[in-house]
Amino acid sequence: MPRKRSRKTLLEISSQPELWIFSNLLAEDWVTNDDLEKPVFEKTVSIPISLPSGTTILKLESDGLQGQVISMAIVHGSEIQLFQLMDPSSFSKFQHIALEYVKKIYANNFDFYSYLKSFYSAKMREFGISEVLGLETNVKDLADYGVKSRILQRISDPIQGYEVPQYWRVIQRLTEITPKNEHENRLILNLRTKVCDSLSKHAVIEGLRCAIIALKHYADLLDGLTSETRINPPEEHQSLADGLYELGNFQDSAVFFSKCLSQKDLLDKTEQDRILTALKDSIEQLEPQDFLEYALFAAKIARNHTDE
């Protein structure tokens with residue numbers, strides 16, 4: 001009987017209670033009025049999962065498909081480093097700060113990912129990331145391994161992906177307005193703070209969505225690698241059962257003979273008959289209390305095999 005896949009789906013992974021710590025962080029205010037004076041808002045966010053050492057995800061957000069990059073979430077280890085452009089006129093400074101960070105971590109990383117190659121390959125060239133990584137560095141597409149929109153559906157994202165350009169247009173217009181009085185000035189600052197805060201949180205959520213896909217991808221890779229060298233349980237069980245039977249440990253031999261029979265599809269008829277005979281002989285030599293304990297083990301073995 002083929003084994004059913006028991007791995008959690010992406011949606012199940014995204015509903016784990018640990019992620020509520022992250023969700024509570026999103027309820028806080030990130031961007032303040034003081035941050036509006038800076039060319040870029042930077043924030044390091046701890047996440048409740050950890051990528052393998054040497055792995056980095058570069059998740060870009062832009063002002064539309066043809067627009068410029070306005071934020072970058074860099075995921076490595078158990079952290080997301082966010083760079084959010086605060087003012088359109090500060091793009092060159094934002095670009096410099098973000099690229100300097102990529103340069104700093106580049107030497108310690110060798111596995112790079114992003115999401116949706118038709119989008120990020122061009123953006124990385126335009127922004128200068130490809131030059132930092134080098135032409136020989138392959139940035140793999142996480143869209144090959146999972147669908148980002150299916151993840152973290154229970155966490156409140158302040159912005160949908162298609163809304164990013166609209167929110168950025170608000171930033172552009174607000175920075176072009178000359179306030180007539182102090183009231184208008186405070187209103188503009190307040191609105192800019194709210195919009196930049198929402199853009200920042202959206203970028204971080206997108207980074208975590210990508211990290212979950214990457215982590216599941218690595219788990220699938222590990223399954224594939226270990227399946228080629230996996231220990232053969234039926235052979236191990238038969239060896240243990242035969243040895244325990246020979247030593248007169250009939251309770252344990254009965255348990256392992258039962259394990260063998262639970263995998264009877266992998267045994268030929270002659271071997272099944274031999275194991276069944278040895279199991280009956282083991283059971284006949286058990287005291288009532290030992291038999292009761294064996295029966296409980298056997299029931300558990302049968303249930304586990306049915307669940308698979």
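Residues numbered from 1 in each chain as written. Predicted model: local features only at pLDDT ≥ 70, side-chain atom pairs only at ≥ 80, totals over all residues. Heavy atoms only, no water.

## Considering the overall build of the protein chain
Assigned secondary structure in the protein chain consists of 11 helices and 6 strands. When the 308 residues of the protein chain are sorted by exposure, 43% land in the buried category. Sequence separation of 24 or more characterises 74% of the internal contacts of the protein chain that already satisfy a separation of 6 or more. Surface exposure of the protein chain reaches about 17,300 Å², of which carbon and sulfur atoms provide 52%. (Helix = DSSP H or I, 4+ residues; strand = E, 2+ residues; numbered from the N terminus. Buried < 20%, exposed > 50% of the residue type's maximum accessible area, 1.4 Å probe, protein only. Contact = heavy atoms within 4.5 Å. Areas by Shrake-Rupley, 256 points an atom, 1.4 Å probe, with all protein chains shown as cover.)

## A word on the pattern of salt bridges
Under the definition given, this model contains 15 salt bridges. In this structure, Glu206 and Arg209 form a salt bridge, with 2.6 Å as the shortest nitrogen-oxygen distance. In this pair, Glu206 and Arg209 are both assigned in helix H7 (residues 182-227), 3 residues apart and thus about one turn of the helix distant. The class for Arg209 is buried, based on a relative accessible area of 10%. A salt bridge links Asp273 to Lys269; its shortest N-O distance comes to 3.0 Å. (Salt bridge = Lys/Arg side-chain N within 4 Å of Asp/Glu carboxyl O.)

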